[in-house]
Amino acid sequence: MNEPTLKSNQHLGVSLKVHGLHKSFNGQEVLKGVDVEVRPSEIFVIMGPSGSGKSVLLRHMIGLEEPNAGEVLVEDKSILTPETMEDYRLAMVFQSGGLLNSLTVGENLGLYLTEHRLKPPGEVMRIVAEKLEAVGLKGQEDKLPSELSGGMRKRAAIARALVIEPQLILYDEPTSELDPLSAVVIAEEIVKLNERIQVTSVIVSHDREFAFGVADRMAVIFDGRILAVGTPEEVRSNPDKTIQEFLNVDFHLQKAKSDSKSK
Amino acid sequence: MFQNIGELILLFWRTVQSLPLSWRQRHKIFDQFFEIGNASLLMVCVLSFFIGGVLALLTGPVLVQRGLANSVGGLVGISMCKELAPVMMSILIAGRIGSSMTAEIGSMRVYEEIDALRTMNINPIHYLVLPRLVAIAVALPLLVIFSILVGWGGGALVAATNHQIAVSFQSFFSNLREVVAVKDVANGLFKSFVYALVIGVVSCHQGLQTIGGPRGIGRSVTKSVVNCIVAIVILDYFLTRLLLAMFP
Ligand SMILES: Nc1ncnc2c1ncn2[C@@H]1O[C@H](COP(=O)(O)OP(=O)(O)OP(=O)(O)O)[C@@H](O)[C@H]1O
Ligand SMILES: [Mg+2]
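Residues numbered from 1 in each chain as written. Chains lettered and ligands numbered in written order. Predicted model: local features only at pLDDT ≥ 70, side-chain atom pairs only at ≥ 80, totals over all residues. Heavy atoms only, no water.

Caption draft 1: Region of the structure containing the overall build of chain A. Across its full length, chain A carries 10 helices and 10 strands. The C-alpha atoms of chain A give a radius of gyration of 19 Å, which matches the 18 Å a tight globule of 263 residues would have. When its C-alpha atoms are laid out on the principal axes, chain A stretches across 70 × 45 × 35 Å. Considering chain A as a whole, with its 263 residues, one finds that 52% of them fall into the buried category. If you take every contact in chain A between residues at least 6 apart in sequence, the share linking residues at least 24 apart comes to 67%. Averaging the positions of the 30 positive and the 39 negative side-chain charges in chain A gives two centres separated by 4 Å. (Helix = DSSP H or I, 4+ residues; strand = E, 2+ residues; numbered from the N terminus. Rg over C-alpha atoms; globule rule 2.2 N^0.38 Å. Buried < 20%, exposed > 50% of the residue type's maximum accessible area, 1.4 Å probe, protein only. Contact = heavy atoms within 4.5 Å. Lys, Arg positive; Asp, Glu negative; His and termini not counted. Charge placed at Lys NZ, Arg CZ, Asp CG, Glu CD.)

As structure tokens, then:
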């Protein structure tokens, strides 16, 4: 395994640029020309309805998918060259967690450090315990991922990304499956990490409150296209009808129910 | 099919290139090694015992009728170590170990675990394929040594106890020692080493190729076992010819 050759700027966020990204799966076009620029050290939130291509976009951003056209640049170097993966610490929190099921939670968290031999075992254990505590999973090192609830798995996955102390971190729906209280804890952790090591954070979410709470800037994606980019205020005041509808819909079921009863 | 063979060779080559990392992955190699031994040692012994037994049972009476009672040991000895032990054990291991390698790697693929490794800049070939390939390449020849010895024992027992054959242990093994040379055993071990590489590469490759959910994993496992067995049987013919030509 190649050691990431870390330079003195290891704790500084990197810039991320996406140019003209197109991607089709079996003839179905999922990304239809996406352009995004994420500035170093900012928290950038991508919102959009289910199936609009958010996860696919995120997978391109860390080089898991090859686009049909367009490119993804980290500090102006293509993500698809192996050197980029070695020069920068990157991390991703998968929508389903992506923990290795055959390893314990503790081993999962320490995986990056042990595989790249960045820290001695005792030190790894200390860091793992610390990050687990930060996400509210104190003392769960020896459990297997299958012994955790969905929300706990998600938090463990976030802790695994925290251990890496990355320069770019991608979160896919970090607060889905979490109760409101844990969601706030995770949001605080995300912001804290961003302040402490200036990591560039890209977050996919359809949790509006969370998104507007943490974002420095945000983008709204609909059906494989970016409809709006800007600060939360700019996006909120965007006159586009689809965006307004997406940002303001609410549950009206209770009303509909009582309406139908009164008939 | 040819694209598949190309991919297999590429995967094998990449794994060979990462061999210097074996020392680092030694814990994983040991784990895999013991898992293989645990899962198959008993089965290897039972199977080999009966294979040796049936060999003696079928050939013994015919040889005895023709006054060749003395050559039962040699016949069982040679067939066991040059052909039956390596091929049968490889097929057994393809079914027992190859399948579980494919299932494990396949489910890691399906549940985004391999993607997670890649985002951490951990090469799945170094992390998953290398330990498995090294472990099976060492374990299978060792299992074949067991198989040969137990098979000989089974043959000798049947030869001694079956009243149509009635060849004593002593004459069975003295004939066996006359006929079987060390190079014959080495021949069988070499074959099994090659088949071990085939099983390891095919199973891991099929696992990494898995798409779809649980059903995709099932499909991959079936495919990998069938491909391994077909490859072993076909390769066996050509390898045997080659070895016969090189060491007549
Ligand atoms: N590997 C794949 N093969 C084929 N189609 C895919 C693949 N990955 C994604 N898609 C398709 O791409 C589209 C967008 O999927 P994506 O997972 O990006 O949605 P999403 O915006 O993340 O939705 P959600 O909010 O529900 O997670 C979907 O229509 C999906 O069917
Ligand atoms: Mg998604």
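Having seen the structure, we can now continue with the description.
Caption draft 2: Representation of the overall build of chain B. Counting secondary structure elements, chain B contains 8 helices and 0 strands. Starting at the N terminus and ending at the C terminus, chain B contains elements arranged as α-α-α-α-α-α-α-α. Counting only C-alpha atoms and orienting by the principal axes, one finds that chain B spans roughly 70 × 35 × 35 Å. Residue burial in chain B is summarised as follows: out of 248 residues, 48% are buried. The contacts of chain B with a sequence gap of at least 6 include a subset with a gap of at least 24, amounting to 85%. Chain B carries 17 positive and 11 negative side-chain charges, and their two centres are separated by 4 Å.

Caption draft 3: Layout of the interface of chain A and chain B. Taken together, the contacts link 26 residues of chain A with 19 residues of chain B. Summing both sides of the interface, chain A and chain B together bury roughly 2000 Å²; the carbon and sulfur share of this comes to 52%. At the junction of chain A and chain B, the tally comes to 3 salt bridges. Where chain A touches chain B, the interface holds 7 residue pairs in polar contact (both at pLDDT 80 or more). At the level of elements, helix 2 (82-87), strand 6 (90-93), helix 3 (105-115) and helix 5 (150-164) of chain A are the ones that each hand at least two residues to the side of chain A that touches chain B. The greatest single-element share of the side of chain A that touches chain B, amounting to 3 residues, is contributed by helix 3 of chain A. For the side of chain A that touches chain B, the residue count by class is 13 nonpolar, 7 polar and 6 charged. (Buried area = accessible area lost by both parts, 1.4 Å probe. Salt bridge = Lys/Arg side-chain N within 4 Å of Asp/Glu carboxyl O. Polar contact = N/O pair within 3.5 Å; in protein donor to acceptor, adjacent residues only side chain to side chain. Nonpolar A, V, L, I, M, F, W, Y, C, P; charged D, E, K, R; others polar.)

Caption draft 4: Representation of the domain arrangement of chain A. Residue and element names in this part refer to chain A. Parsing chain A into structural domains produces domain 1 (8-89 + 167-232) and domain 2 (102-164). Put simply, the middle of domain 1 and the middle of domain 2, counted by C-alpha atoms, are 23 Å apart. Listed as interface residues are 15 residues of domain 1 and, on the opposing side, 13 residues of domain 2. Note on domain 1 versus domain 2: buried area summed over both sides is about 1100 Å², and carbon and sulfur give 62% of it. The tally of links between domain 1 and domain 2 comes to 0 salt bridges. Inspection of the region where domain 1 meets domain 2 yields 3 residue pairs in polar contact (both at pLDDT 80 or more). Of all the secondary structure elements, the ones that give two or more residues to the side of domain 1 that touches domain 2 are strand 7 (168-172) and helix 6 (180-197). (Domains from an automatic or database assignment.)

Caption draft 5: Quick peek at the coordination of the magnesium ion (ligand 2). All names here are of chain A. In the first shell of the magnesium ion (ligand 2), the protein supplies S55 (OG) and Q95 (OE1), at 1.9 to 2.4 Å from the metal. Note that S55 is positioned in helix 1 (residues 54-61) and Q95 in the loop between strand 6 and helix 3, a separation of 40 residues in sequence. Residue S55 is classed as partly exposed on the basis of its relative accessible area of 24%. Taking relative accessible area as the criterion, Q95 reaches 37% and is therefore assigned partly exposed. (Donors = N, O, S within 2.8 Å, 3.2 Å for Na, K, Ca; no water.)

Caption draft 6: Representation of the packing of helix 3 (residues 72-110) of chain B against helix 7 (residues 182-208) of chain B within the structure. All names here are of chain B. The N-to-C vectors of helix 3 and helix 7 enclose an angle of 15°; their axes lie 8 Å apart at closest approach. By the angle class used here, helix 3 and helix 7 are roughly parallel. Crossing hand, helix 3 versus helix 7: right-handed. The residue makeup of the contact of helix 3 with helix 7, split by class, is 13 nonpolar, 10 polar and 5 charged. (Axes fitted to C-alpha atoms, helices over the stretch in contact; angles between N-to-C directions. Parallel < 35°, antiparallel > 145°, perpendicular 65-115°, else oblique. Left-handed = near helix turned anticlockwise from the far one by under 90°.)

Caption draft 7: Region of interest: the packing of aromatic side chains. Residues and elements named next belong to chain B. Applying the stated criterion across every chain, the model contains 5 aromatic pairs over all chains. For the pair F172 and F173, a centre-to-centre distance of 5.2 Å together with 75° between the ring planes defines the contact as edge-to-face. In this structure F172 comes out as buried when scored by relative accessible area, which is 0%. Relative accessible area serves as the criterion here: at 31%, F173 is assigned to the partly exposed category. Aromatic side chains Y237 and F238 sit 5.3 Å apart centroid to centroid with 90° between the ring planes, which places their arrangement in the edge-to-face category. (Phe/Tyr/Trp six-rings, centres within 6.5 Å; stacked < 30°, edge-to-face > 60°.)

Caption draft 8: Examining the sheet that holds strand 4 (residues 69-74) of chain A more closely. All names here are of chain A. Taken together, 4 strands build an open sheet; the order of strands is 2-1-4-5 and the sheet is antiparallel. Pairing within the sheet leaves two strands with one partner each, and these edge strands are strand 2 (28-38) and strand 5 (77-78). Here 8 bridges tie strand 1 (residues 16-25) to strand 2, and the two strands are oriented antiparallel to one another. Residue pairing across strands places S24 opposite E29, the latter belonging to strand 2. (Pairing = 2+ DSSP bridges.)

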